[in-house]
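The residues making up each chain are set out below.
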Amino acid sequence: ALARLAMQTGADFLISGSLTWIGRDFSLDARLSATAGDRPPRFFAAVGQGVENLPNAVKNLAQEIGLVLFRRERVVEVAIEGSQRIEAEAIRRVIKTRPGDILLPKNTAEDLRAVYGMGYFTSTTSRSSPSRGPTGSPWCSG
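What counts, and at which threshold
Residues numbered from 1 in each chain as written. Predicted model: local features only at pLDDT ≥ 70, side-chain atom pairs only at ≥ 80, totals over all residues. Heavy atoms only, no water. Helix = DSSP H or I, 4+ residues; strand = E, 2+ residues; numbered from the N terminus. Expected span 1.5 Å × (residues − 1). Contact = heavy atoms within 4.5 Å. Pairing = 2+ DSSP bridges. Axes fitted to C-alpha atoms, helices over the stretch in contact; angles between N-to-C directions. Buried < 20%, exposed > 50% of the residue type's maximum accessible area, 1.4 Å probe, protein only. Salt bridge = Lys/Arg side-chain N within 4 Å of Asp/Glu carboxyl O. Patch = residues over 30% accessible without salt bridge, like charges linked within 9 Å, V, L, I, M, F, W, Y side chains within 5 Å. Areas by Shrake-Rupley, 256 points an atom, 1.4 Å probe, with all protein chains shown as cover. pLDDT = per-residue confidence, 0-100.

1. Some points on helix α2 (residues 54-69)
Item 1. For α2, with 16 residues, the first-to-last C-alpha span of 22 Å sits near the 22 Å given by 1.5 Å per residue.
Item 2. For α2, the elements touching its buried residues are β1 (13-22), β2 (25-34) and β3 (42-49).
Item 3. Phi turns positive, to about 50°, at R71, one or two residues after α2.

Right, here's the structure in full:
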């Protein structure tokens, strides 16, 4: 019934889920299904203790679902390579992107400008590549 409603309204995805409480522990589970095509559903979960932690769990779950919906990736690692005139830690201090951040071209461009602005480099570049980790998130170096 929900899938039919989603298709009738023109929705691309259907999100369904449940909240389970056992004592003070909770489990928030969600299923993201495409309304068209034969893509398998994606499952998401968040667990925690106490009603005071539920809003943060919902926020984190929504962010993870958003990454899939909007085809975004998280940064797994920021690696400094090829610098011979200045230590990697000095470069790392001017770069705002951190592991766990969403990989956005705007932020990468700002980081490159900050590194170039240090005055030690004639050019700077960045690259991202798929991670071999379980999350499938990219690895980014600059």
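Back to the write-up after that little detour.
2. With respect to the sheet that holds β2
Item 1. The three strands lie next to each other as β1-β2-β3, forming an open sheet whose pairing is antiparallel. Looking at strand neighbours, the two that pair on one side only are β1 and β3, the edges of this open sheet. In this sheet, adjacent strand axes meet at a mean angle of 15° when their direction is disregarded.
Item 2. In this structure, β1 lies alongside β2, joined through 10 bridges in antiparallel fashion. Bridging from a neighbouring strand, L14 pairs with S33 of β2.
Item 3. Sheet strands touched by α2: β1, β2 and β3. Its angle to β2, the strand with the most contacts, is close to 20°.

3. Description of unusual backbone geometry
Item 1. The phi torsion at R71 lies on the positive side, around 50°, for a residue other than glycine.
Item 2. Owing to a relative accessible area of 71%, R71 belongs among the exposed residues under this scheme.

4. A short note on the pattern of salt bridges
Item 1. With the rule as written, the count across this model stands at four salt bridges.
Item 2. A salt bridge links R24 to E52; its shortest N-O distance comes to 3.4 Å. You can see R24 sitting in the loop between β1 and β2 and its partner E52 sitting in the loop between β3 and α2, a full 28 residues away along the chain.
Item 3. A salt bridge links K106 to E110, with the nearest nitrogen and oxygen atoms 3.9 Å apart. Residue K106 and its partner E110 are both found in helix α4 (residues 105-116); the two are separated by four residues, about one turn of the helix.
Item 4. Given the relative accessible area of 31%, E110 is considered partly exposed.

5. Thoughts on the side chain of T108
Item 1. Relative to the helices and strands, T108 resides in helix α4.
Item 2. Apart from residues no more than four positions distant in its own chain, T108 is found in contact with L103 and S126.

6. Regarding a nonpolar patch on the surface
Item 1. Taken together, the side chains of L19, W21 and V51 define a hydrophobic patch exposed on the protein surface, amounting to about 290 Å² of accessible area.
Item 2. Relative to the helices and strands, W21 resides in strand β1.

7. A closer look at the environment of T108
Item 1. For T108, a relative accessible area of 17% corresponds to the buried category.
Item 2. Measuring from C-alpha to C-alpha, the distance between T108 and I95 comes to 8.8 Å, with 13 residues separating the pair along the chain.

8. Some points on the confidence of the model for the chain
Item 1. Taken as a whole, the chain shows an average pLDDT of 84; of its residues, 90% reach a score of 70 or greater.
Item 2. The secondary structure element of the chain with the lowest average pLDDT is strand β6 (residues 138-141), at 35, and the one with the highest is β3, at 95.
Item 3. Note on residues 132-142: pLDDT is under 50 here. Beyond four places in sequence and across chains, it has 41 contacts.

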